[in-house]
Structures are given as structure tokens and as C-alpha cells.
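Residue strings, one per chain:
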Amino acid sequence: MDYGVSDPGGNRQYRAIKILLAGGFGVGKTTLVGAVSEIRPLRTEEPLTEGSLRTDSTAGVEGKTTTTVAMDFGRISLRSDLVLYLFGTPGQQRFWFMWDELAIGALGAVVLADTRRLADSFPAIDYFERRQIPFIVALNCFDGARRYDKEDVRLALDLEPDMPIVLCDARSKESAKEVLITLVEHVLMTASEEPLSGIA
Amino acid sequence: MPSNEERWLDAEAGPVVRPYALTQGRTRHTGESFDLVATVMATRTLADPGSLAPEHISVLQLARVPTTVADIASDVDLPLGVVRIILADLRELGLVVIRTPVVMAERIDKHTLREVLNGLRGL
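No experiment lies behind these values; they were computed from the predicted model shown. (Residues numbered from 1 in each chain as written. Chains lettered and ligands numbered in written order. Predicted model: local features only at pLDDT ≥ 70, side-chain atom pairs only at ≥ 80, totals over all residues.)

Chemist: When you look at the overall build of chain B in this model, what are you seeing that I'm missing?
Modeler: Of regular secondary structure, chain B possesses five helices and three strands. Per-residue burial for chain B yields a buried fraction of 37% across its 123 residues. (Helix = DSSP H or I, 4+ residues; strand = E, 2+ residues; numbered from the N terminus. Buried ≥ 20, exposed ≤ 12 C-beta atoms within 10 Å, placed from the backbone.)

Put into C-alpha cells, the structure is as follows:
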């Protein structure tokens, strides 16, 4: 079998760009990823750390030294050399060790929120604000959920006036696309306000 | 040391080996760490793949075209931690290069952001 490799020196570099999708359990993260991208399962069997040992009961399974975290990610090939990776991140704080890795070098994040359970999105918002990771808030409009005014949500979540909030239907491709476009536009705007670093 | 005799398992047999048994119990990989979307590329043709464990060979085959750590982990259906150790083994053997995505080094430049924006609009 030939293990030939495409010319590593030539052509453009393959660029993989990460976008994080955060939010509480059952808010529609996987639905949104699936609406706009080719969804792929990822198993992360992580060695149990002291932190997770405190929250994961290991009674009866004392020999257990790893914990399995199932995670999905989505791939959107924008061009052959430019691919977006959407990572839905489990909302609970005990998974923050995963977020830390996912967040490094990420383009930005979408916090998906359900107006019936806004408080579930607090940890994610807190996380991105503290690490200065650009993010937007997308309100998944579930059937039967009362529609809230965006500004009420802004107040409830204590968001800056220029922070984009979009209403979306996580099942719709067009809607999910719009969410991602809003994020990239927001990042572009934020970037133009700051002098570009690292350029001589 | 894995031998050819141990390669009778197929996908339908399911995982009969605990994932970290594939790594001889190692839970940390060697060398420099790499991102979930770091690009992996095989460097050369392997004359004698029989010296590698089946999982290492599978990973190596996937890396014949540039691919990411996350994609490989999904394709081989092994936990990410295990795949990382396999990749680091292959790197140590000089069989793959693992390249940090361009965007990791500094903030994503505006040119790339515009490319992403146009790409999304065109979906």
C-alpha cells in the first residue's frame, strides 16, 4: 500500500478553525451543530482527576480511573483548505477542563440559551467573559416557549450593550448559519477596535 | 508487544480491550502537546507496517492526507486520550508530523475572518 503524502511544503496550509458552542443541558447544541454541519461523534475517555473524583461517585467502581465523556463536533468545509470545527461543550462546570483546551485559539463562542432556563447559560457566559473569548448569545426559540424581548434577555444576562443577541431555530440550517455569521461579524468588529498584535 | 496473531479482531467483535490497554496503561503522551484541531500528516511510506499495532496503522493510514486530531479520533472510534498517545508514538517514530493550526499562534487575522464569513454566506 502506498502511503504517499500530498506535498507538505507546497500549496496553502490546511486551516482548521474552532468555534465553541456552549449552553446548558438540552438547550439544542447538538441540534444546531447537526443543522449546519456534518456531525461527528468524539469519545473522550479522560483519566479521572481529583476534581472530577469529587463529583463523580466512584462508589462500587473503585477501580475506575477514567470517565467517558461523549462529545459531538461538526465540520463545515468552507474550502478544501479552510474548515470550521464546531465543538458543543458540555455545560457543567466539571467539564471545564475540556473547555480550557477547546478555547485555546478558538475564533469565538456561541452561548445557546433557552429563555425558560436562562440561568443555565450563566456559567458559560462567565467563562468566556473571564477569558476574554469573543462570544454571542443565541436564543433557541423552542415551540411553546414565551418569546422574550432581546433587551430583557440582555438585562437578565447582564450583557454589554454591543453584545449581539440573536433569536434562532436550532433545527434550521439557515438559522444556524445566521448564528455563525453573527459571531464572525462580531469578532471582525471587535478585532478592528484593537490594534493587531503580532504583526511587525 | 502486539503481534500479527492478535489482529483477528474486527469491528463487530467490539472493544474487548480496555482503551488504555492499547497504550500499555499510559495516560499521558510524550513530547510537545497538540491541539484538537492540530493537523496530522504522515511523513513517509512505511516499509514494514507489521511492526506497529493495528490501531497505530489505522491512525497512520488516516493521516495520509492532512487531517485533524479530532477527525482521526472520530474515525477510529477511540477515546481522544488514547488517540493522542498513539499520535505521539507515531511522531516519536518520525512517521507523522503534527502541526499546530496557524490560528493558534496568534489571533485569527482579519483576512481569514473575512474568508470564513464569505464561506458561511455561501453555504
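Chemist: Sorry if this is basic, but what is going on with the packing of helix H1 (residues 54-62) of chain B against helix H3 (residues 80-92) of chain B here?
Modeler: Each pair of packed helices can be described by the angle between their axes along with the distance between the axes. Residue and element names in this part refer to chain B. Interhelical geometry of H1 versus H3 gives an angle of 80° and a closest axis separation of 10 Å. As far as their axial angle goes, H3 and H1 are roughly perpendicular. Packed against H1, whose contacting residues are Glu55, His56, Val59 and Leu60, the element H3 presents Val83, Ile86, Leu87, Asp89 and Leu90 at the interface. When its residues are assigned to classes, the contact of H1 with H3 shows six nonpolar, one polar and two charged. (Axes fitted to C-alpha atoms, helices over the stretch in contact; angles between N-to-C directions. Parallel < 35°, antiparallel > 145°, perpendicular 65-115°, else oblique. Contact = placed C-beta atoms within 7 Å. Nonpolar A, V, L, I, M, F, W, Y, C, P; charged D, E, K, R; others polar.)

Chemist: How should I be thinking about the confidence of the model for chain A in this particular structure?
Modeler: All names here are of chain A. Here chain A averages 80 in pLDDT, and 74% of its residues register 70 or above. Considering each helix and strand of chain A separately, the mean pLDDT is smallest for helix H2 (residues 50-55), with a value of 49, and largest for strand E6 (residues 135-140), with 96. The low-confidence segment residues 1-11 (pLDDT under 50) makes 13 contacts with residues lying over four places distant or belonging to another chain. When the criterion is pLDDT under 50, residues 196-200 qualifies, and its contacts beyond four places in sequence or with other chains add up to three contacts. (pLDDT = per-residue confidence, 0-100.)

Chemist: Even after reading the chapter, I still don't get the sheet that holds strand E2 (residues 67-68) of chain B, so can you show me in this structure?
Modeler: Strand pairing in a sheet relies on backbone hydrogen bonds. The paired strands run either parallel or antiparallel. Residues and elements named next belong to chain B. Spatial ordering of the open sheet is given by E2-E1-E3, a layout of three strands whose pairing is antiparallel. Strands at the two margins of the open sheet, each flanked by one partner only, are E2 and strand E3 (96-99). Here strand E1 (residues 39-42) pairs with E3 via four bridges, running antiparallel. Its bridge partner lying in E3, Val40 is registered against Ile98. (Pairing = 2+ DSSP bridges.)

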